[in-house]
Amino acid sequence: MYLSSSDFRTSFRKSKKLAQHKHICGNKEKPPCSIPRLLFLFLCYTGLNKESDTCALYRITTLTFNLVLICTNISSWYLIWQMSKIPNLEVELARLTCYLFAVAIYYSVRRKRKLLTKTIKIMSRISSPSSLHERKLNILVLMILCMPIFFSLSLLLLAANPTDSKKTSTIKEFLTGFRFYCYALVHPTFTNLVAFLYCVLCQRCYSFIDNLTEEISESPAKLFNPAKQIAVLKRKATIDDVLKNVQNIFSFASFFIVTANFLSCGAVIAWALTNQLKDYQTFMAIRSVYSVVNSFASLTSVLWIAGELPIRVQRLKEAFYEKAHRRLLSAHHHLKEPELKRELLEKSDHAFTACNIIHFRRSTLLVVFGTLLTYTVLVVSEVN
């Protein structure tokens, strides 16, 4: 029995689609990307990876996560409506607004998921991280994912009522624990994972720049001829394209991450300033410690790592200038060579920004935390 050409093409397309489906959904090999496997699965299960649309499991988990985002925000704003007359409304409003920012983070990244998938593939073609480095990053992702579980369990133990019947107590504990888990999953866990993804992609870009800088430094001045310089400039152009993609993907998301963590830290500081130590309840203490540790770590990581880009680019420029200058001084006939160093040195320094409002530099870290403490104290004193 022979197949016609149309039947053969149809069969080939089906087999190709099935192979792609198995590769995305069922392949247990290392994903073809430059990020840790657990982080790659996080993108697939939440729908932030474009290729995950071909897998039914990922479509279901994406829909479920969207429902959790929406229901959590509806519940948080319902709580605000119920607590409209409490004395610390401003503090609770700042804390619950973080869940709204989590939705903004999700849809701002989801809107750029095609570019995100493309950028990850480009990074994987440039170079791949070491297995040891990837293992460490996977451990960090696993720790972030486990934190809401431990947090919900600790709050569940405090909320348990021994007077309820066994059946009623089990159902109530499950619903209470699930509610605590959903809140912790949306914020700070999801916010932290997106921030972690942003930091990982930034670090991958920095490794490309460092490799190029090291290659320039190790190259002898006599061999650093115009052909070698043009090759360096071409690689730098590829890195610039990746940096532009990362900036395009996370421009809005980074702004929402910084704002959400800023409000979360401010809410905890304000709560600590408006309450005496004897008034602290265990429930509030656990929630405050959990929020401030996650928010402070996420905010510091984003500002510190994203602010490192100008430093790495400056090192590359200095290495290029030094090597080109040494070649120029090594022989007089090199004066006739084109000065390609201007192509790199005269270009403005690239820096990541959050909606062109916050420019990520190392000095931004001190500015943000100084603003956080100043305005939190001012707001609390004004309310009191």
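In this text the structure is predicted, and so the values were computed from the model without any measurement.

Novice: I keep staring at the overall build of the protein and nothing clicks. Help me out?
Specialist: Tallying secondary structure elements over the protein gives 12 helices and 2 strands in all. Ordered by position from the N terminus, the helices and strands of the protein form the series α-α-α-α-α-α-α-α-α-α-α-β-β-α. Put simply, the protein has 384 residues, and 45% of those count as buried. Entry remark: accessible area of the protein is about 21200 Å², with carbon and sulfur atoms responsible for 64%.

Novice: Please explain the nonpolar core as it appears in this structure.
Specialist: Here is a general trend for soluble globular proteins: nonpolar side chains tend to be buried in one another's company. Residues Ile 35, Tyr 198, Leu 201, Val 246, Phe 250, Phe 352 and Phe 360 are the most contacted members of the largest nonpolar core, which totals 85 residues. Per element, the largest residue contribution to this core is 20 residues, and it comes from helix H7 (residues 166-218). Those residues in contact with Val 246, other than ones at most four positions away along the chain, are Thr 119, Met 123, Tyr 198, Leu 201, Cys 205 and Phe 352. The next biggest cluster of nonpolar side chains, apart from the first, holds 7 residues, and it includes Val 91, Ala 94, Met 284 and Val 380.

Novice: So what exactly am I meant to see when it comes to the pattern of salt bridges here?
Specialist: Pairing between side chains becomes possible if they bear opposite charge and their charged atoms approach one another. Taken as a whole, this structure holds 9 salt bridges when the rule is applied. For Glu 308, the salt bridge identified is with Arg 312, shortest N-O distance 2.4 Å. The same class applies to Glu 308 and to Arg 312, which are both buried. In this structure, the salt-bridge partner of Arg 326 is Glu 322, at a minimum N-O distance of 2.9 Å. With Arg 326 and Glu 322 both in helix H10 (residues 309-330) and 4 residues apart, this pair spans about one turn of that helix. Judged by its relative accessible area of 46%, Arg 326 falls in the partly exposed class. The class for Glu 322 is partly exposed, based on a relative accessible area of 40%. Ionic contacts of the salt-bridge type, sharing partners, join the residues Asp 210, Glu 308, Arg 312 and Arg 362 into one network.

Novice: Explain the UniProt feature "transmembrane region" (unreviewed entry) in the protein to me, please; I cannot follow it from the model alone.
Specialist: Using the residue numbers shown here, the UniProt feature "transmembrane region" (unreviewed entry) corresponds to residues 56-81, 93-109, 137-160, 180-201, 249-273, 285-307 and 364-381. Regarding residues 56-81, the helix share stands at 100% and the strand share at 0%, and the terminal C-alpha atoms are separated by 38 Å. The distance from the first to the last C-alpha atom of residues 285-307 is 32 Å, and the span holds 96% helix and 0% strand.

Novice: Sorry if this is basic, but what is going on with the packing of helix H4 (residues 89-110) against helix H8 (residues 226-274) here?
Specialist: Think of two packed helices as two axes; the pair is described by the angle between the axes and how far apart they sit. Running from N to C, H4 and H8 point in directions that differ by 165°, and their axes come no closer than 8 Å. As judged from the angle between their axes, H4 and H8 are roughly antiparallel. Classified by chirality, the crossing of H8 by H4 is left-handed. Here the residues of the contact of H4 with H8 are counted per class, giving 18 nonpolar, 4 polar and 1 charged.

Novice: Would you explain the packing of aromatic side chains in this entry?
Specialist: How two aromatic rings sit relative to each other is given by the distance of their centres and the angle of their planes. Counted under the stated rule, the structure contains 15 aromatic pairs. Ring centres 5.1 Å apart and planes at 50° place the aromatic pair Phe 65 and Phe 190 in the tilted group. On the criterion of sequence distance, the pair formed by Phe 65 in helix H3 (residues 56-82) and Phe 190 in helix H7 is long-range, its members being 125 residues apart. Neither residue differs from the other here; Phe 65 and Phe 190 are each classed as buried. Centre to centre, the rings of Phe 255 and Phe 256 are 5.9 Å apart; their planes meet at 65°, and the pair counts as edge-to-face. For Phe 255, a relative accessible area of 22% corresponds to the partly exposed category. Residue Phe 256 is classed as buried on the basis of its relative accessible area of 17%. Through successive ring pairs, a cluster of aromatic residues spans Phe 42, Phe 65, Tyr 106, Tyr 107 and Phe 190. Above the face of the Trp 304 ring, Arg 362 is positioned so that its terminal group lies 3.6 Å from the ring centre.

Novice: Would you take a moment to explain the environment of Leu 57 for this structure?
Specialist: Among the secondary structure elements, Leu 57 is positioned in helix H3. Distance in space between the C-alpha atoms of Leu 57 and Cys 44 is 9.5 Å, their sequence separation being 13 residues.

Novice: So what exactly am I meant to see when it comes to the environment of Val 302 here?
Specialist: When you line up the elements, Val 302 lands in helix H9 (residues 282-306). A relative accessible area of 1% places Val 302 in the buried class. When residues no more than four places from it in sequence are discounted, the contact partners of Val 302 are Ala 195, Tyr 198, Cys 199, Ile 257, Val 258, Gly 307 and Phe 360.

Novice: When you look at the confidence of the model for the protein in this model, what are you seeing that I'm missing?
Specialist: Detailed conclusions should not be drawn from predicted coordinates in areas where pLDDT is low. Taken as a whole, the protein shows an average pLDDT of 82; of its residues, 80% reach a score of 70 or greater. Per-residue pLDDT, averaged within each element of the protein, yields its smallest value for helix H1 (residues 5-26) (50) and its largest for helix H2 (residues 37-46) (93).

Conventions adopted
Residues numbered from 1 in each chain as written. Predicted model: local features only at pLDDT ≥ 70, side-chain atom pairs only at ≥ 80, totals over all residues. Heavy atoms only, no water. Helix = DSSP H or I, 4+ residues; strand = E, 2+ residues; numbered from the N terminus. Buried < 20%, exposed > 50% of the residue type's maximum accessible area, 1.4 Å probe, protein only. Areas by Shrake-Rupley, 256 points an atom, 1.4 Å probe, with all protein chains shown as cover. Core = buried A, V, L, I, M, F, W, Y, C linked by side-chain atoms within 4.5 Å. Contact = heavy atoms within 4.5 Å. Salt bridge = Lys/Arg side-chain N within 4 Å of Asp/Glu carboxyl O. UniProt positions renumbered as here; feature names shortened; annotations may be inferred. Axes fitted to C-alpha atoms, helices over the stretch in contact; angles between N-to-C directions. Parallel < 35°, antiparallel > 145°, perpendicular 65-115°, else oblique. Left-handed = near helix turned anticlockwise from the far one by under 90°. Nonpolar A, V, L, I, M, F, W, Y, C, P; charged D, E, K, R; others polar. Phe/Tyr/Trp six-rings, centres within 6.5 Å; stacked < 30°, edge-to-face > 60°. Lys NZ or Arg CZ within 6 Å of the ring centre and 35° of its normal. pLDDT = per-residue confidence, 0-100.

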